[in-house]
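Structural overview for review
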Amino acid sequence: MDSNKSNNLNKLFWEVIEEELMDNTDEELLLSMLEKERQSRNSSRRKRRSVIDRNREEGHIRLFNNYFSENPVYTDAQFRRRFRMHRHLFLRIVETLRNYDEYFQMRVDATDEYVRIGESTAIECLERFVRGVNEVFGAEYLRRPNSNDVEHLLQMRESCGFPDMLGSIYCMHWEWKNCPVAWKGQFCRGDHGKPTIMLEAVASQDLWIWHAFFGIAGSNNDINVLNQSNVFNDILEGRAATVQYTINGNPYNMGYYLADGIYPEWATFVKTISMPQGEERKLFAQHQESARKDVERAFGVLQSRFAIVRGPARAWHMETLKHTIYACIILHNMIVEDERHTYGGDFDYCYDNAGNNNSTTETFSGPHPNLATRLQRRATLHEKQVHRQLQGDLVEHIWECFGHEDDEN
């Protein structure tokens with residue numbers, strides 16, 4: 001009896017619950033749909049950009065007081081260590097670029113643009129800066145050697161046993177972090193493993209970079225770069241300074257560069273001797289490999305001064321990369337010119353005061369050569385016999401100059 005009554009009460013309870021749920025189903029369904037629509041609208045609404053208060057005015061005042069006020073916090077030596085150049089050279093670049101591009105001129109919101117700036121503004125400023133450096137200073141500090149420069153360069157290595165040498169030639173790789181995926185095949189080489197871009201350069205003993213050729217894919221080697229380079233265009237066009245000098249009694253009329261073993265046996269290259277036999281050849285190889293380090297030292301100094309060259313390149317466009325590397329080379333040469341008087345040794349590194357030596361230089365600027373003349377100059381440039389004769393004469397010359405030092409010691 002009690003069990004039947006309990007079952008009837010449970011049945012009645014669930015019937016009431018079902019009736020209430022059926023009455024409220026439409027209202028609950030409508031509320032649920034409205035709630036979902038409101039959540040979807042809020043999630044799709046664009047979020048506001050978070051604003052970072054960088055306190056640029058305070059940063060500007062602190063930077064000025066630290067380095068550019070009448071009584072700066074840091075000394076000239078500390079400024080040189082921080083910015084890799086002396087203060088007067090830094091201010092010269094600032095003033096010149098300010099006159100060149102109004103982007104760098106002082107405005108009312110200058111502190112909002114230049115101090116503690118954001119990433120997009122920093123990239124824009126960098127691109128304008130490197131473009132301005134190339135436009136303003138490129139003609140002077142990326143120039144080809146003129147007759148006075150060549151005459152000075154020919155003297156520079158006389159004390160090391162390589163008279164009438166124009167410099168050392170070599171290539172370096174700059175890793176390209178943001179290389180397009182479709183291009184990675186041609187910019188990667190097995191011994192590097194990552195996309196790189198090649199820079200060919202010629203540097204002298206004072207680390208001045210006289211020639212720079214950039215933009216060749218990293219899958220090439222030094223010979224491929226040389227075949228596309230413009231380093232010998234002046235010779236082929238007849239605009240190069242003609243050099244007259246004598247080594248070991250033999251006359252020569254073309255300057256030469258010290259090169260690595262991969263370079264071809266051309267009349268303008270002097271390479272080392274692999275596995276030299278005899279004391280004379282061993283001494284020559286030692287001096288050649290020592291002097292050829294000038295260009296590698298120049299690459300090392302360039303990377304130590306500018307972190308943008310030391311690390312992987314992050315620009316997307318090749319034109320931006322070219323402006324950047326050439327701007328770094330220009331600034332490097334400006335620093336070399338400014339600090340050349342502090343270099344050790346007895347040699348005068350000033351190119352404006354070239355003295356006289358046994359060689360003579362003369363520049364020709366005649367009409368554009370025809371095809372036959374150009375091919376003849378190219379054949380003269382590639383003469384192996386002249387290369388071997390010059391190498392042999394330098395072996396004798398270096399032995400004559402330095403071969404008896406060990407005996408005296």
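Residues numbered from 1 in each chain as written. Predicted model: local features only at pLDDT ≥ 70, side-chain atom pairs only at ≥ 80, totals over all residues. Heavy atoms only, no water.

Let us look at the overall build of the protein. Along the protein, the regular secondary structure elements total 17 helices and eight strands. With 409 residues in all, the protein has 38% of them scored as buried. For the protein, contacts bridging at least 24 residues in sequence account for 70% of all contacts bridging at least 6. (Helix = DSSP H or I, 4+ residues; strand = E, 2+ residues; numbered from the N terminus. Buried < 20%, exposed > 50% of the residue type's maximum accessible area, 1.4 Å probe, protein only. Contact = heavy atoms within 4.5 Å.)

It is worth spelling out the pairing of strand S3 (residues 209–217) at this point. Burial runs high along S3: eight of the nine residues are buried. For strand S2 (residues 196–203) and S3, the ladder comprises seven bridges, and the chain directions are antiparallel. Looking across to S3, one finds that Ala 201 is bridged to Ala 212. Counting the residues between successive antiparallel strands, the hairpin from S2 to S3 contains five residues, one of them, Leu 207, with a positive phi of roughly 75°. (Pairing = 2+ DSSP bridges.)

For helix H14 (residues 318–339), with 22 residues, the first-to-last C-alpha span of 32 Å sits near the 32 Å given by 1.5 Å per residue. The element H14 is largely enclosed, with a buried count of 18 among its 22 residues. (Expected span 1.5 Å × (residues − 1).)

Pairing is possible between side chains that carry opposite charge, provided their charged atoms lie close to one another. Summed over the entire model, instances satisfying the criterion amount to twelve salt bridges. A salt bridge links Arg 388 to Glu 265; its shortest N-O distance comes to 3.0 Å. You can see Arg 388 sitting in helix H16 (residues 384–402) and its partner Glu 265 sitting in the loop between strand S6 (256–259) and strand S7 (269–271), a full 123 residues away along the chain. Exposure remark for Arg 388: the relative accessible area of 46% places this residue in the partly exposed category. Where salt bridges share partners, they join Asp 101, Glu 124 and Arg 128 into one cluster. (Salt bridge = Lys/Arg side-chain N within 4 Å of Asp/Glu carboxyl O.)

Attention now goes to the pairing of strand S1 (residues 165–175). Most of S1 is tucked away: nine of the eleven residues are buried. Note that S1 and S6 share three bridges and pair parallel. The residue bridging Met 165 from the neighbouring strand is Tyr 256, located in S6. In the sheet, S1 pairs with S2 via eight bridges, with the strands oriented antiparallel. Considered in S2, the bridge of Glu 175 is made with Thr 196.

To continue, consider the confidence of the model for the protein. With 75% of its residues at a pLDDT of at least 70, the protein reaches an overall mean of 80. Looking across the protein, the model is least confident in strand S8 (residues 360–363), with a mean pLDDT of 40, and most confident in H14, with 94. In this model, residues 353–365 is a region of pLDDT below 50 whose contacts with residues beyond four sequence positions or in other chains number 36 contacts. (pLDDT = per-residue confidence, 0-100.)

Let us look at the sheet that holds S1. In spatial order, the strands read S3-S2-S1-S6-S7; together these five strands make up an open sheet with mixed pairing. Two strands lie at the open edges of the sheet, namely S3 and S7, each paired on one side alone. With direction set aside, neighbouring strand axes in the sheet form an average angle of 25°. Sheet strands in contact with H14 are S1, S2 and S3, and its direction is about 160° off that of S3. (Axes fitted to C-alpha atoms, helices over the stretch in contact; angles between N-to-C directions.)

Next up on the list: the side chain of Arg 292. As for its placement among the helices and strands, Arg 292 is situated in the loop between helix H11 (279–291) and helix H12 (293–305). One polar contact links Arg 292 to Glu 296, side chain to side chain, over a distance of 3.1 Å. Sequence-distant contacts of Arg 292, defined by excluding residues within four places in its chain, comprise Ser 168, Tyr 170, Leu 258, Ala 259 and Asp 260. (Polar contact = N/O pair within 3.5 Å; in protein donor to acceptor, adjacent residues only side chain to side chain.)

Turning to the packing of H11 against H16, a few remarks are in order. The relative placement of two packed helices is expressed as an angle between their axes plus a distance between the axes. At a minimum axis distance of 9 Å, the contact between H11 and H16 shows a crossing angle of 95°. Between H11 and H16, the angle falls in the class roughly perpendicular. Here Glu 279, Glu 280, Arg 281, Leu 283, Phe 284 and His 287 of H11 lie close against H16, whose contacting residues are Gln 391, Leu 394, Val 395, Glu 396, Ile 398, Trp 399 and Phe 402. Class assignment of the residues belonging to the contact of H11 with H16 gives a composition of seven nonpolar, two polar and four charged. (Parallel < 35°, antiparallel > 145°, perpendicular 65-115°, else oblique. Nonpolar A, V, L, I, M, F, W, Y, C, P; charged D, E, K, R; others polar.)

Mapped onto the elements, Arg 310 comes out in helix H13 (residues 307–310). If we skip the residues at most four places from it in the chain, Arg 310 touches Gln 303 and Ser 304. From its side chain, Arg 310 meets the backbone oxygen of Ser 304 in a polar contact 3.5 Å long.

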